[in-house]
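# Geometric and topological summary
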Amino acid sequence: MAKVFFTANLRRHVDCAGMDADGLTVREVLAQVFAAQDRLGAYVLDDQGALRKHMTILVDGRRIRDRERLSDAVSPSSEIWVMQALSGG
């Protein structure tokens, strides 16, 4: 099972615990996570199911390429980090 983690800055806004989930793509894994933590899905994805502009996801240390369909591949040993993008000076 892939391991899904949420950064501390995201957990300040939405109560979300890391968890293990199965799936072959980022979308499949996150669907399991969001089923268990429904408020989180609306915070991470927009109404079209795409990754919100202020969010980023890393799979095994690499930023995902497909922000719309979330079709990037995931292996059973993958680590997925979901984080809120930060900006400022």
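Throughout this document, residue positions are counted from 1 along each chain, in the order its sequence is written. The predicted origin of the model limits local features to residues at a pLDDT of at least 70 and limits the giving and counting of side-chain atom pairs to 80 or more, whereas totals for whole chains, interfaces and linings rest on all residues. Hydrogens and waters are ignored; side-chain quantities use all the structure's heavy atoms.

### Brief notes about the pattern of salt bridges
Salt bridge, as used here: a side-chain nitrogen of Lys or Arg that lies within 4 Å of a carboxyl oxygen of Asp or Glu. Scanning the model with the defined rule gives three salt bridges in all. Between lysine 3 and aspartate 20 there is a salt bridge, with its nearest N and O atoms 3.5 Å apart. You can see lysine 3 sitting in strand 1 (residues 2-6) and its partner aspartate 20 sitting in strand 2 (residues 19-21), a full 17 residues away along the chain. Think of it in three bands: with a 1.4 Å probe and only protein chains considered, a residue is buried below 20% of the maximum accessible area for its type, exposed above 50%, and partly exposed in between. On the basis of relative accessible area, lysine 3 is assigned to the partly exposed category, the value being 37%. Judged by relative accessible area, aspartate 20 falls into the partly exposed class, the value being 36%. A salt bridge links arginine 69 to aspartate 66; the nearest nitrogen and oxygen atoms lie 3.5 Å apart. To qualify as a helix, a DSSP run of H or I must reach at least 4 residues; to qualify as a strand, a run of E must reach at least 2; elements of each kind are numbered from the N terminus.

### Re the environment of serine 78
In this fold, serine 78 is placed in the loop between strand 4 (62-63) and strand 5 (79-84). For serine 78, a relative accessible area of 1% gives the class buried. Taking the C-alpha atoms as reference points, serine 78 and aspartate 60, separated by 18 residues in sequence, lie 5.8 Å from one another. In this description, contact between two residues means that some pair of their heavy atoms is separated by no more than 4.5 Å. Apart from the residues lying within four places of it in its own chain, the contact partners of serine 78 are Ala2, Lys3, Val59 and Asp60. N or O atoms closer than or at 3.5 Å make up a polar contact, with two conditions inside protein: a donor-capable atom paired with an acceptor-capable one, and, for residues adjacent in sequence, both atoms drawn from side chains. At 2.9 Å, the side chain of serine 78 forms a polar contact with the side chain of aspartate 60. At 2.9 Å, the side chain of serine 78 forms a polar contact with the backbone nitrogen of serine 75.

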